[in-house]
Amino acid sequence: MLVTKYEHKPEFTETISGSVSLSPRLEYSANMLDEAVTIIQTDLAKIHDVNREEIDDLGPDNPRTALLLEIEQKVSFSLLVVLEVQKKIHNIHNVHSIIEILPSTIPVIRTISAKLFDILPACSAKLSEISVQLGSIVLDSAILTKASFDFCHSSNEWSSLFDEAKLIADSKLYKQYPNVDFLKGRFA
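This report concerns the structure included in the present document. All of these numbers come straight from a predicted model, not from anything done at the bench.

As a further point, take the nonpolar core. The biggest cluster of nonpolar side chains holds 39 residues, and the ones touching the most others in it are L102, L127 and L134. Put simply, the parts of the chain that give this core at least two residues each are α3 (22-58), α4 (63-90), α5 (95-116), α6 (121-145) and α7 (151-176). Setting aside residues up to four positions removed in sequence, L127 forms contacts with L33, A36, I109, I112, S113 and L116. Core analysis: the second largest hydrophobic core is formed by six residues, L69, L173, Y177 and V180 among them.

Attention now moves to the packing of α4 against α5. Two numbers describe how α4 lies on α5: the axes approach to 10 Å, and their chain directions differ by 160°. Between α4 and α5, the angle falls in the class roughly antiparallel. When the axes of α4 and α5 are compared, the crossing they make is left-handed. Between α4 and α5, the contacting residues are K74, V75, F77, S78, V81, V82, V85, K88 and I89 on the first element and I101, L102, T105, V108, I109, I112, K115 and L116 on the second. Here the contact of α4 with α5 is composed, by residue class, of twelve nonpolar, two polar and three charged.

Rules behind the numbers
- Residues numbered from 1 in each chain as written.
- Predicted model: local features only at pLDDT ≥ 70, side-chain atom pairs only at ≥ 80, totals over all residues.
- Heavy atoms only, no water.
- Core = buried A, V, L, I, M, F, W, Y, C linked by side-chain atoms within 4.5 Å.
- Buried < 20%, exposed > 50% of the residue type's maximum accessible area, 1.4 Å probe, protein only.
- Helix = DSSP H or I, 4+ residues; strand = E, 2+ residues; numbered from the N terminus.
- Contact = heavy atoms within 4.5 Å.
- Axes fitted to C-alpha atoms, helices over the stretch in contact; angles between N-to-C directions.
- Parallel < 35°, antiparallel > 145°, perpendicular 65-115°, else oblique.
- Left-handed = near helix turned anticlockwise from the far one by under 90°.
- Nonpolar A, V, L, I, M, F, W, Y, C, P; charged D, E, K, R; others polar.

Here's what the structure looks like:
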């Protein structure tokens, strides 16, 4: 995240706990994100187990196979991205790191929430709530530090992460389902 205008004001840093309770809200958001990761991991394992059995029964050329794999790929991709967001959020240690890290994570969380809306609606709702909570934390920390943000840099950073996560998720599927011709189905 590139901060375009930032004035370090020690008096703001020292009065954070007195004026705005950022730390408990950030901890709450991090805990909710940890719960979302657990949900996605658990559901991905279930989806994979069901897919293994169904794809064996249906055969690799069945159109339903492509749909099942597409769902597994979306959830796997989402997990990889959310794990990266989780790592970044757990690296926040003060108000300055909030304004460097959080603004770029909010649109990413919203994107993943939208991807999971039809597949894991409860998790999608949890991610939406997290993005709202993080948005309020960003606004309050920006007010305290008088920071303004340049979202172009963070957009490029996350675009690269999305590309990498998609490659990893696809690669895992190719290894897990070697008999499926991924170029034939909708999944390609």
